[in-house]
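Chain by chain, the residues:
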4 protein chains.
Amino acid sequence: MKAVVKTKHAKGMEYVNVPTPKMGLRDVLIKVRAASICGTDVHIYDWTRWAQHRFTPPRIIGHEFVGTVVKIGEEVTLAGVGNRVSAESHLTCRYCYQCKNGYSEVCRNFKLLGIDHDGTFGEYLVLPEHVVWKNEENIPDEWATIQEPFGNAVDTVLSEDVSAKTVLILGAGPIGLFATGIARACGASLIIVSDPNNYRLSISKKMGAHITVNPRRQDIVQIALDVTQNNGVDVVLEFSGNNQALNQGLKAITPAGRISILGIYERRVNIDLNKEVIFKKVRIYGITGRKIFSTWYKTSRFLSSGLVDPSPIITHQFPLKDYEKGMKLMKDGKCGKVVLTV
Amino acid sequence: MKAVVKTKHAKGMEYVNVPTPKMGLRDVLIKVRAASICGTDVHIYDWTRWAQHRFTPPRIIGHEFVGTVVKIGEEVTLAGVGNRVSAESHLTCRYCYQCKNGYSEVCRNFKLLGIDHDGTFGEYLVLPEHVVWKNEENIPDEWATIQEPFGNAVDTVLSEDVSAKTVLILGAGPIGLFATGIARACGASLIIVSDPNNYRLSISKKMGAHITVNPRRQDIVQIALDVTQNNGVDVVLEFSGNNQALNQGLKAITPAGRISILGIYERRVNIDLNKEVIFKKVRIYGITGRKIFSTWYKTSRFLSSGLVDPSPIITHQFPLKDYEKGMKLMKDGKCGKVVLTV
Amino acid sequence: MKAVVKTKHAKGMEYVNVPTPKMGLRDVLIKVRAASICGTDVHIYDWTRWAQHRFTPPRIIGHEFVGTVVKIGEEVTLAGVGNRVSAESHLTCRYCYQCKNGYSEVCRNFKLLGIDHDGTFGEYLVLPEHVVWKNEENIPDEWATIQEPFGNAVDTVLSEDVSAKTVLILGAGPIGLFATGIARACGASLIIVSDPNNYRLSISKKMGAHITVNPRRQDIVQIALDVTQNNGVDVVLEFSGNNQALNQGLKAITPAGRISILGIYERRVNIDLNKEVIFKKVRIYGITGRKIFSTWYKTSRFLSSGLVDPSPIITHQFPLKDYEKGMKLMKDGKCGKVVLTV
Amino acid sequence: MKAVVKTKHAKGMEYVNVPTPKMGLRDVLIKVRAASICGTDVHIYDWTRWAQHRFTPPRIIGHEFVGTVVKIGEEVTLAGVGNRVSAESHLTCRYCYQCKNGYSEVCRNFKLLGIDHDGTFGEYLVLPEHVVWKNEENIPDEWATIQEPFGNAVDTVLSEDVSAKTVLILGAGPIGLFATGIARACGASLIIVSDPNNYRLSISKKMGAHITVNPRRQDIVQIALDVTQNNGVDVVLEFSGNNQALNQGLKAITPAGRISILGIYERRVNIDLNKEVIFKKVRIYGITGRKIFSTWYKTSRFLSSGLVDPSPIITHQFPLKDYEKGMKLMKDGKCGKVVLTV
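Before going into details, it helps to say that this report is about the structure given with it.

Conventions adopted
Residues numbered from 1 in each chain as written. Chains lettered and ligands numbered in written order. Predicted model: local features only at pLDDT ≥ 70, side-chain atom pairs only at ≥ 80, totals over all residues. Heavy atoms only, no water. Least-squares fit on C-alpha atoms with pLDDT ≥ 70 in both. Contact = heavy atoms within 4.5 Å. Buried area = accessible area lost by both parts, 1.4 Å probe. Salt bridge = Lys/Arg side-chain N within 4 Å of Asp/Glu carboxyl O. Helix = DSSP H or I, 4+ residues; strand = E, 2+ residues; numbered from the N terminus. Disulfide = S-S within 2.5 Å. Pairing = 2+ DSSP bridges. Phe/Tyr/Trp six-rings, centres within 6.5 Å; stacked < 30°, edge-to-face > 60°. Buried < 20%, exposed > 50% of the residue type's maximum accessible area, 1.4 Å probe, protein only. Lys NZ or Arg CZ within 6 Å of the ring centre and 35° of its normal.

1. Some remarks on the relation of the copies chain D and chain A
For the pair chain D and chain A, the relating rotation is 180°, the translation along its axis is 0.0 Å, and the fit reaches an RMSD of 0.0 Å. Interpreted geometrically, this transformation is the action of a two-fold axis. Comparing interface residues between copies, 100% of those in chain D also lie at the interface in chain A; the contact surface is shared.

Now the structure itself:
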């Protein structure tokens, strides 16, 4: 079969022929219909320091997808041939303290699809049955493939209820944009989105942002105070991974407010814990992964019921073999989500 | 001044001249601009058994309103002359166990506006400063007056998050209709509204109901199961005060779901606690009053931000002296909310 | 092997030779060390109406136990030979809406050990690996076997925090007694236990009850009000399955309090929903099963850390063949928990 | 009357004669029976940079106390002459966004007793009625005076339930020691306390610590992992205000765990947000003040019911005039809580 493989300890990838993956008794074989590119894939492509540390070639990359089950192992009971599926990208162990306590999103032993296990940028994919998710019929392929990152946004927005609350979203990459649509769908009364990229700010408007801010030219904190009668916002959602943005978010938050953080930082962060967290009695939620599978149910409903229309965020589609066009667009920031059709 | 007064231990009320109410050091005097009729007021008008037990004439009735502060007591600091205000109808004691623990909505010693304290169906009204709520400028008078019952709906809907959840609303009186709009604004993925009154069901459609059910002709439970892949709904909101509807709601709820109950029943209720609550691990929330003032903030934001447009529910407006037209409409069920202008 | 089997559609059971159970690829074979008797087992023995409706002979009964894994299926990864284990008695499906949302305690398709699947009152037992729980070393066998019902008590007590709260416990059967010990360990500031059986009240004293009440001679509601400055208790835990006790519990609860209900009622219940739930804004939690496995972790820690000493509740031990002595004691109410050694 | 007054912009204080404070219509006059010294008072004594910035002499200092109401203003309804009282030290505005939403512990306009309003280190004290707390009769004076800092510990421990959880407490000053007793009373299954001061570690043992660690000689993180089967602790409570301790706490926490932070840092903090918070999905609670008055109820019950015995922490008592002895002990770290009798 054809697949996009990280073959070497160097920049780049290759679109090559590889054997169809083998499957075990509890595995399913999936024919991939579409996959989408995550920032992580770009890091692997670029062979950044993080990638060199975390990734071992050769490996088929990619962890977002939609496909059809074409074969199941003898012991499989949770999926059937013909099911149109996506999957949780954390292949969890199910026996660690976290898994057994209902926190498998932070499983101590998980393997990541496309990093520790051959990924979704190929014609076929093998997965253990317990991570497979059956898609709602009325969700089109190009939406079904983005459910994994959409789920990140769901958990970031809904760490606590946002109904009738004021929300500041830092970072309008695809996940920040999903979060904008979700916050709007869940009744946030005011949504401010901040990003230095005006192209992405314009998409955020389509997703429901009431106010957009370019932090290169505008003072986020002052704007947040101005539109909240000097109280600050109830909720900050941090997707930028930028320490300065984080500090602004903390300043912009009202006493007794909360911030949920999904963004990843280049290095350790420096914050004014006394003034912005302790004396304001702020709650901070670190966010990673998705609740398995309650987040997937929510995601599916947001998309299938019409509550969130992610179309403005899915800006480009290419055949799998043209994956490098997607990688380039991602690096240039001139896209929302890029979908690869197989 | 002119006011609608329950003067006698008998059916009916009178529109009469009464003295302008006196005020204390911590009170404010309010010129009423508009008031709205609650089912409670109809009970008092009709002198039902409940009213005979609870109400002592003579008393100006009414507890929903919007008005302007025209005078403040010497010790008042929480409101000023000229403020356009509404108010919490529970005049709370602030020193009981409930008040001191943040549950003043169930204050052990509260007095009810329009029952224990002269009400809002008059030209002027005196209230202790601590129950007064300053209205957002962009909320029109006919919306501002209905914030008190709207708040009941807010607390019923939001006892837990409804985002991406399936919701069954039992009873499409004004509060059930507010709840429909709120649930829709907060991202419920499916809203079923049940009521025997087709006129009200048609309003519920305008407020965002996906499915309407007339329980006289349709099987609520079966419909709820059919549209949820036989799981039942995640959330039931019970406003009908009807034991049969309550039982249907309990049957329609999915295991691990929740029901919030605001409806008042004619007598003790009979339920299958084993099958519908215990074995399904259901949570039941009794709802009364409003959180003071967090519910008012939410209410204000739903109305001022455009998240909920209550216009379809405010079906009639009359001058105060024509209050009997409103009482009649309420009894006939041929209205949503009736607003009286002063 | 020897086992206690419900062989006929009639009162009684038999201690007979049966084949050692067969196992599948994902199953484990366990040599039982001890099992304990639940009220459910007595119902099956007595062939009550409930049992006739729910149970199909022949079947080995029993669902509480501790044992040693002696063989594992080829696909088993979650348990190993030699592990000293107990198990969740709900054999859950893992693919229904409830299981996938983290509520497998109300799985739509669960099978009950000792009812739908051969039970624990025999020398050997086969179970699917995913319900098996590895015991802490320092928990003795006679404590390990009662973890299943102890878990019911954990979830009833801890539906919400009880720290520094006043608690009324209705029913001092084994689960009510476990709950008494747990509430005390978790910092309840006042614990009242009510039961008509003085023998069990005396055990409740040992478990930490501050006040015991015999409802045949004393007025529970009045006592609860007297010791709470007329506020009522913050928390009611209902284990009695008695409608009158439930009504007293609801009356005894303070406004904004909560009640958790595990007791099973003989028939539908009749309650004053207006006065005792709605106007008091009470939360009701139906409780069943145990969170899999977060409740098991808590249970294990309560027992292994010394926080709860269940010894006063484990009143009798017999060899398995003398199970009828245990059944008789249970019916007479002259015991706490009865453990059968194998 | 006699009082301890910070008279000058310099190190030290004076025990001098001052006029008895004046009272308004809603104030109460309290004869102080005992007061206790907080670290804040030592900062003011020492005229540290923080104190120079925040404090304006002359002012009677102190914010912890117990006393008797000897006179009430004409409009006072919430307290009476003869009441033995303590008080919330945040004199809240009751009209800001935070106060009206139930978060008056982070009131936007609060005044601090002993800093913005004459404090408790004098014979008499005037307070607005709404901050006064009536003490339980069976709580002795030397315990009643420490309820204010005890409440800090209550909110830190109970941001989430600690029952059957493993807990690491960083810092064994008086509040960390109160927290140790509270965590033990609330059913924490394992409590590790870390502090470089062995004297305080020995008190922590008396308060219920299972393990004590001196971070100068031992590796907190390794110990926390060793005793939790390498999972890390469920809960970290940070009272040290030390960035290094904070980092160790974050490392010691299990994925999906939580940390509550009351300690105040000398400067901005530096943390590994990616690894220790985001990828572990940790929740951080900033803690300040006390919930008014729900925390006070809990505090009162912990002390009056015998759940927590703070005696080992109250190490010294002096007459008010000897306050300097207390200041010295505090600086030397050779004490728990120092109580001044008036």
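2. Quick look at the interface of chain D and chain C
Taken together, the contacts link 20 residues of chain D with 20 residues of chain C. The contact between chain D and chain C buries some 1400 Å² in all, and 56% of this surface belongs to carbon and sulfur atoms. In this assembly, chain D and chain C are joined by 2 salt bridges. One salt bridge in this structure joins Asp234(C) and Arg301(D), with 2.7 Å as the shortest N-O distance. At the level of elements, helix H6 (174-185) and helix H11 (294-304) of chain D are the ones that each hand at least two residues to the side of chain D that touches chain C.

3. Regarding the state of the cysteines
Overall, the coordinates contain 0 disulfides over all chains when judged by the stated rule. Summary of cysteine pairing: Cys107(A) is not part of a disulfide, and the nearest cysteine sulfur, belonging to Cys93(A), is at 3.6 Å.

4. Considering the sheet that holds strand S2 (residues 14-17) of chain B
Either a parallel or an antiparallel arrangement is found when strands of a sheet pair, and the pairing is made through backbone hydrogen bonds. Here we have 3 strands laid out as an open sheet, ordered S2-S1-S4 (chain B), and antiparallel in their pairing. Strand pairing shows two members of the sheet lacking a second neighbour, S2 and strand S4 (59-60) of chain B, which therefore form its edges.

5. Looking at the sheet that holds strand S2 (residues 14-17) of chain A
Residues and elements named next belong to chain A. What the 3 strands build is an open sheet, ordered S2-S1-S4; its pairing is antiparallel. Sheet topology places S2 and strand S4 (59-60) at the edges, where each strand pairs with a single neighbour. Here strand S1 (residues 2-6) pairs with S4 via 2 bridges, running antiparallel. Residue pairing for S4: lysine 6 is matched across the bridge by arginine 59.

6. Here's the deal with the packing of aromatic side chains
In this description, an aromatic ring pair is defined by two values, namely the gap between the centres and the angle between the planes. According to the stated counting rule, one finds 29 aromatic pairs over all chains in the structure shown. Relative to Tyr297(A), the ring of Trp133(A) lies with its centre 4.8 Å away and its plane at 90°, an arrangement referred to as edge-to-face. On the criterion of sequence distance, the pair formed by Trp133(A) in strand S10 (residues 132-134) and Tyr297(A) in helix H11 (residues 294-304) is long-range, its members being 164 residues apart. Each member of the pair Trp133(A) and Tyr297(A) is classed as buried. Ring pairs connect the aromatic residues Tyr97(A), Trp133(C), Phe293(C), Trp296(C) and Tyr297(C), which therefore count as one cluster. Directly above the aromatic system of Tyr124(A) lies the positively charged group of Lys31(A), at a separation of 5.4 Å from the ring centroid. It is Lys100(B) that lies over the ring of Phe293(D); its NZ or CZ is 4.5 Å from the centre.

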